[in-house]
Structures are given as C-alpha cells and as structure tokens.
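Structural overview for review
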Amino acid sequence: MTTSFMQSEKTPTKLPPSQHEFAEIIHRLEAGGAMLPDTPENLMQIIGIYKAYAVPMDFYWRDLLYIAERVFLNPLPFFKYFLPQEYLDLHNHYAGDDADLRIWRGEAIAHPELLAFIQKGETRKMPKLLHHLWHDRVNMEFAEACMQAMFWHREMGGRFDSYLDTDEYKANADRAIRAYFRKNPVMLGLYQLFPDMFLEQVRQLSYYSNLGLFWEVMAPVFFEMSDRYDEGTMTTVPEAMNFLVNGIFAIAGRPIYHHVYIDGECYEIVPKSKGFMWLYEAALPYVEAVFYRTAPFRGTKSYNAQAQQVPDDQKDFHYGILYADIFPVGTAGIPPTLLMQDMYHFLPPYLVDYYQKYCRGEDDMLIQLANTFQRSMYCVTSAVIQALRTALLYPLDDPNPRHLEANRAFFEAQMDRFKRPEARLRNIQTPNYR
C-alpha cells in the first residue's frame, strides 16, 4: 500500500506584516506555501522537471553506490560509468513490493525509460563502449560534481563528516585498502609511502555512498509526485511542497553508511551501526553544499581571489542553483548543463509542448530546462525550510504569538540568504522569467 504524505495548507498567521524585503514570500511561507508562487503553470513545470530528473537520478544513485562499493580505489577506473546488471537490478528501498517504505508505486529495479535510453541513447542501439566514447549516455560527471561539492564543503552539520577524521574510520579504511590491494604489491607500496593520499580518496568514496543513498530516496519521491500529478491528485504547489516535507520526515532516519565489497567480503568503512541518518548526514549537507554554495564554474567566474572575486570564506559561496545565472550555466561541460542534457531525454509531453510554445527553437530548450529546474529547486528548498521549522520551532497555526514570532524570525533569517543580487528568488515570482 502506498504511503500517503498529503497535509492541508495552514491558515495565515496572526502577526503584524513583516518589514522584510521579501515580506510577501514570508507571509506565503507562514500560510503553508512555498517560495514559488502557487500557479498551475508553476506546478506543471516543477512536476514535469521532477519526472525528467528522476530518470537519470535513478542511474546516478546506482552508479554512485557501484563506484563506492565495487570500483573503490581502482587506479584506472575507465569503466566506472558502465553500470553492471547487478546494480540495474538493485532494488530501491522505497519502491517495489519489498520496499522498506513504499513511496513510489512503480518497480524497484531501474526505470524502464532509463533502460531504454541505456540501450539506444540519442543515436541507436550499439555497444556500451561506443555510446560512452560518443558521449551518448547519462552524464555521471554531474553526479560526481555534486558529490565533490559536498566533499569540499565539509562540516555541514551532523556527525558523518567528523567521523571521517576519527581513528576508527582510518582503521576501517586501512583494512579495506589493504584487502583491495593485497594482490598488487606496487599499489601497497604506494600506500605505505602516501597513506594520507589513499585515505583522502576513501573519504571521497564515502561521500559517493552518502550521495547515492540520498538520491535513492529522492528518485521514487519524484516519480510518485509525477504519477499523482498525472492522476489529478496533486493540484497545487503547496501540495507538492508538503509531499516533500512529509517525505523528508518519513525517511529522516534512513541509515547512511559506506560498505565495500572485495572478493565477496563486505568491509564496513562507515558501519550502519554508527546511526548516521539520512536527514542530518545527507539531505541537509546536500542542500547547503549544492543548492546554495558549490563553486564558480570554470570559464564563467573569475578565480582572482586577490581581487576579491571569490569569497574569502566558504560559507559565503553562492554559486548553487538558487543563484545560478542560467545563460552561462548553459555552456558545454558545465555540470548543470550536463544535467539539463540528461533531463532533456525524459521530459513528459506536456513540458515539451510548453517549451515549444516559449522556446526560441530547440537549441534554446536546455536554457528553458534550467529555468524550470531552478524553479523546482526553490520548491524543494521551501520544503527543507518548512521541515526545519517543523523540527526546530512551532506549528504554523500555533496560538501563542511568541511562537509565531519565533517562526517569523526563522523565515526572515532564511530569506536573508536571498538578498544577494545573484539570487533568483525575485525572478521566479513572475512567469516571464524564461
């Protein structure tokens, strides 16, 4: 039986009007809404893009786990994007009849649209190697860029990241490294000479696993949202946001771990027994590192730190999708453009029709996709903000004025992050942002 996540929209709060620059948006959040206005066009865009995102994401999470668990420290990982059948058949824990918690009513194995694309791509059916060399494939480079952002912006809360610096983690990694290279004396010798270099690679692989386990949840969430929209049972932006909020809480305790399989034996580098949880160790660090921070994309921003063209502190980085200038992002080789290319293959027909109406031609579609994706991530960020408010503060309809004032202060602090001129919060308030 499919779990229901719906909740009703709250009534507006009984406080004097906010004096914040984004007062209208704050009032909308206080009424149970999202940063994205509730219009049929916005709902159609975000649900359509969630569906288009979920299909390549179904590959991303599987390949991230494959790299973390099987490829591991292969010094020449040329075939790391060649997902074996074992991982295409790997059951998602949140779909299928044997799910831990069934979010999506579909199958637990790889999505049929993904399997069809792997076979034919944009060209025709041919061996995997030819698809790879022709770059006619899912762009795993985007997934790795997200992982690298999380790995670089460390110490984002939770206990997962600090565990990677403990003696216990180092001992677990050491056992796995020695087992992996026990038949390779050259690599074992290099490990003896440069142990920290190998350890840092294992830390990065732990983030591969972290992100893979995060996206394993998000793919069926987005598939189910698309199905409900198609059925006519998801009809507003707040309903979409609340589905995400309730999904976050339903899955919050999902374990985050890193296991490596070497010659049939499992090595627990980050054991499940440590109790690291999906919400605090994966979801919140991902939103902070990828939605807000990331890093300047090569060729679009100056790296002249002496001219103060890059912030002094990592906490001031503002290059994520919530701030992205869509036109430079739509440049070949930039990670978000790789994602747009992946999503392009899986657009639902109603979104294709929408783009044909507003695009300047097919070449403009990736730019339009990026605009839609930006809107959709503001909806996801709204869900995260509402989830944090629920966990840390008070209900939206709390009768105590002091509690409502605390909620207001929280929302205003969150909106302060969008005062930067690069933020696109102002843009997404109008349908003309295309």
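Just so you know, these numbers come straight off a predicted model, no measurement behind them.

1. Remarks on a nonpolar patch on the surface
A contiguous nonpolar patch, built from F78, F79, L129, L130 and L133 and spanning about 500 Å² of accessible area, is present on the exposed surface. Relative accessible area serves as the criterion here: at 38%, L129 is assigned to the partly exposed category.

2. A short note on the state of the cysteines
Going through the model one piece at a time under the given rule, you end up with zero disulfides. We note that C379 lacks a disulfide partner, and the nearest cysteine sulfur, in C146, lies 18 Å from it.

3. Some thoughts on empty space enclosed by the protein
What the rule picks out here adds up to four cavities of 30 Å³ or more. Taken as a whole, the largest cavity encloses approximately 210 Å³ of empty space. At the level of secondary structure, the elements contributing two or more residues to the lining of the largest cavity comprise α4 (112-120) and α5 (128-133). The biggest single contributor to the lining of the largest cavity is α5, with three residues. A class-by-class count of the residues in the lining of the largest cavity yields eight nonpolar, two polar and three charged. The volume enclosed by the second largest cavity comes to roughly 60 Å³. Forming the walls of the second largest cavity are D58, N92, A95, W104, E107, A108, I109, A110, H111, A219, P220 and F223. Of the residues that constitute the lining of the second largest cavity, the class distribution is eight nonpolar, two polar and two charged.

4. Points about the pairing of strand β2 (residues 265-270)
Across a regular strand the side chains alternate sides, sitting on one face of the sheet and then on the other. Here strand β1 (residues 258-262) runs beside β2; their pairing, made up of five bridges, is antiparallel. Pairing of V260 across the sheet is with Y267, part of β2.

Parameters and conventions
Each residue is numbered by its place in its chain's sequence as written, counting from 1. Local features in this predicted model are restricted to residues of pLDDT 70 or higher, and side-chain atom pairs are both shown and tallied only at a pLDDT of 80 or more, whereas totals for entire chains, interfaces and linings draw on every residue. To get the side-chain values, all heavy atoms of the structure are used, and hydrogens and water are removed first. For patches, a residue must show more than 30% relative accessible area and have no salt bridge; joins then use 9 Å for like charges and 5 Å for nonpolar side chains, namely Val, Leu, Ile, Met, Phe, Trp and Tyr. In this description, accessible areas are obtained by the Shrake-Rupley approach with a 1.4 Å probe, and a residue is regarded as covered only by the protein chains that are shown. The term salt bridge refers to a side-chain nitrogen of Lys or Arg lying within 4 Å of a carboxyl oxygen of Asp or Glu. Accessible area is worked out with a 1.4 Å probe on protein chains only. A residue is then buried under 20% of its type maximum, exposed over 50%, and partly exposed in between. Any two cysteine sulfur atoms within 2.5 Å of one another count as a disulfide. Definitions used for this entry: grid spacing 1 Å over protein atoms alone; cavity, a set of points where a 1.4 Å probe fits but cannot get out; pocket, an open set with protein on both sides within 12 Å along at least 5 of 7 lines; lining residue, one with an atom within 4 Å of a point. Grid points are joined across faces, edges and corners, and a volume is the space filled by probe spheres set on the points. Only DSSP runs of H or I with at least four residues qualify as helices, and only runs of E with at least two residues qualify as strands; both kinds are numbered from the N terminus onward. Here the term charged refers only to Asp, Glu, Lys and Arg, the term nonpolar to Ala, Val, Leu, Ile, Met, Phe, Trp, Tyr, Cys and Pro, and the term polar to all other amino acids, Gly among them. Only strands that DSSP links by at least two bridges are regarded as paired with each other.

Purely geometric stuff here, so don't read any function into it on its own.
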